[in-house]
Amino acid sequence: MADPGPPPNATEIMESVNDALQGLELEPHETSEILGFANRELPHLHTPEDSYFILGSYRDPYLRRLRIVQNELDKRLGTYPFLMADLPELDIDRLPVFRIRFTLLAAHADTIVAVYEQDAGGEVTELGKISTTPYFDKSYVLPRDYAWMSEQNLATEADVIAAAATIYFNDDLDEAATEEELDSLITTANKNDISLTIPDVIDRLEDREDGEQAPVSYSWVHLNEFRLFELHDRCFAWSSPDDLRDVVDEVP
């Protein structure tokens, strides 16, 4: 089969790669490999379908939640949800290929959806990238057990469950203190027209899948990044796989 040649927007593609690599001079075979990747993968992102670039950890059990998001988005008509892990690698040992692949895919995807369950791993780097221009305006974050602890932010059941997880699994609280904190939380939730009781919340927390009982402990940096997305109505918290399926509906 004949070489298809460079894509029509090869100059634009290489300019973005140049920015990602801080002006590093490329060898001819590296340029060829990058343009070959662009020829294979980027046309999928320039169709009438809405493309969704899904970010998050590829390790078990976290990968299963990325697949939930992918499956939910795939149920919509005219969508192309994808993970970087499903696409071929770049065969360039010398270069930081993650930066190149991320830059090309993020720049050309219509929407970026990032799932967070921990404050370590590659997701940290991705969060830093999508919270800045040019990706911020098309990015949405879905953090598990995230709640910016203020009354006005306890607006949904998922918000309340996330806040409850932080209380219920806190080893520094004795039984009486845990009950008092949960009671205060439920009182606030009820004022916000969320019909939950303490037994409801405890049942929801104890029904979580094995390995998911403990709440996520995010760094202050993570919480501030999530808060920025929240203030722009692009942060949707969840606490269980069912919650995650529900919040995917909030992503345009």
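Structure first, text after, so check above.
Everything numeric in this text was worked out from a predicted model, so none of it was measured.

Engineer: What am I meant to see in the packing of helix α3 (residues 62-74) against helix α10 (residues 241-248) here?
Structural biologist: The relative placement of two packed helices comes down to the angle between their axes together with the axis-to-axis distance. Between α3 and α10, the shortest axis-to-axis distance is 9 Å and the interhelical angle comes to 40°. Between α3 and α10 the crossing geometry is right-handed. Across the interface between the two elements, R65, I68, V69, E72 and L73 from α3 touch P241, L244, R245 and V248 from α10. Looking at the contact of α3 with α10 residue by residue, the classes come out as 6 nonpolar, no polar and 3 charged.

Engineer: Is there a simple way to think about the packing of helix α6 (residues 157-168) against helix α8 (residues 198-206) in this case?
Structural biologist: Interaxial distance between α6 and α8 falls to 10 Å at its minimum, and their mutual angle equals 80°. Between α6 and α8, the interaxial angle falls into the category roughly perpendicular. Facing E157, I161, A164, A165 and Y168 of α6, the residues of α8 in contact are V201, I202, R204, L205 and E206. Classifying every residue of the contact of α6 with α8 gives 7 nonpolar, no polar and 3 charged.

Engineer: Honestly, the nonpolar core in this entry has me stumped. Any pointers?
Structural biologist: If you look at the biggest cluster of nonpolar residues, it comprises 42 residues, and the most contacted ones within it are F53, L105, I130 and V141. Contributions of two or more residues to this core are made by α1 (10-20), α2 (28-41), β1 (50-55), α4 (97-108), β3 (111-116), α5 (122-130) and α9 (220-231). Broken down by element, the residue count for this core peaks at 6 residues, all from α4. Leave out the neighbours within four places in its chain, and I130 touches L55, F102, I112, A114, Y116, Y135, F136, S139, V141 and F229.

Engineer: Is there a simple way to explain α6 in this structure?
Structural biologist: Residues lying three or four places apart along an α-helix face the same way, a consequence of the helix completing one turn every 3.6 residues. Over its 12 residues, α6 runs 16 Å from end to end, which matches the ideal 16 Å to within 8%, given 1.5 Å per residue. In terms of residue burial, α6 counts as a mostly covered element, since 9 of its 12 residues are buried. Buried within α6 we find A158, D159, V160, I161, A162, A163, A164, A165 and I167. Contacts from the buried residues of α6 go to α7 (175-191) and α8.

Engineer: For this particular structure, what's the right way to read the pairing of β3?
Structural biologist: Two faces make up the sheet, and in a regular strand the side chains alternate between them. In terms of residue burial, β3 counts as a mostly covered element, since 6 of its 6 residues are buried. Residues T111, V113 and V115 of β3 are buried on one face, and the alternating residues I112, A114 and Y116, pointing to the opposite face, are buried as well. For β1 and β3, the ladder comprises 4 bridges, and the chain directions are parallel. The partner of L55 across the bridge, within β3, is A114. Pairing geometry for β3 and strand β4 (residues 139-143), over 5 bridges, is parallel.

Engineer: Where do I start with empty space enclosed by the protein in this structure?
Structural biologist: Where empty space is left can be seen by rolling a probe of water-molecule size over the atoms. Under the counting rule described, the total for this entry stands at 1 cavity of 30 Å³ or more. In this structure, the largest cavity encloses a volume near 40 Å³. Sorting the residues of the lining of the largest cavity by element identifies α3 and β3 as the ones contributing at least two each. Here the residues of the lining of the largest cavity are counted per class, giving 4 nonpolar, 3 polar and 3 charged.

Engineer: Could you clarify how one ought to interpret the layout of surface pockets in this entry?
Structural biologist: One number sums up the size of the largest pocket: a volume of about 440 Å³. Lining the largest pocket are 20 residues; nearest its centre among them are T156, D159, C235, F236 and A237. Elements supplying a minimum of two residues to the lining of the largest pocket: α6 and α10. Partitioning the lining of the largest pocket into residue classes produces 9 nonpolar, 2 polar and 9 charged.

The rules behind the values
Residues numbered from 1 in each chain as written. Predicted model: local features only at pLDDT ≥ 70, side-chain atom pairs only at ≥ 80, totals over all residues. Heavy atoms only, no water. Axes fitted to C-alpha atoms, helices over the stretch in contact; angles between N-to-C directions. Helix = DSSP H or I, 4+ residues; strand = E, 2+ residues; numbered from the N terminus. Left-handed = near helix turned anticlockwise from the far one by under 90°. Contact = heavy atoms within 4.5 Å. Nonpolar A, V, L, I, M, F, W, Y, C, P; charged D, E, K, R; others polar. Parallel < 35°, antiparallel > 145°, perpendicular 65-115°, else oblique. Core = buried A, V, L, I, M, F, W, Y, C linked by side-chain atoms within 4.5 Å. Buried < 20%, exposed > 50% of the residue type's maximum accessible area, 1.4 Å probe, protein only. Expected span 1.5 Å × (residues − 1). Pairing = 2+ DSSP bridges. 1 Å grid on protein atoms, 1.4 Å probe; cavity = no way out; pocket = protein on both sides within 12 Å on 5 of 7 lines; lining within 4 Å. Points joined across faces, edges and corners; volume = space filled by probe spheres on them.

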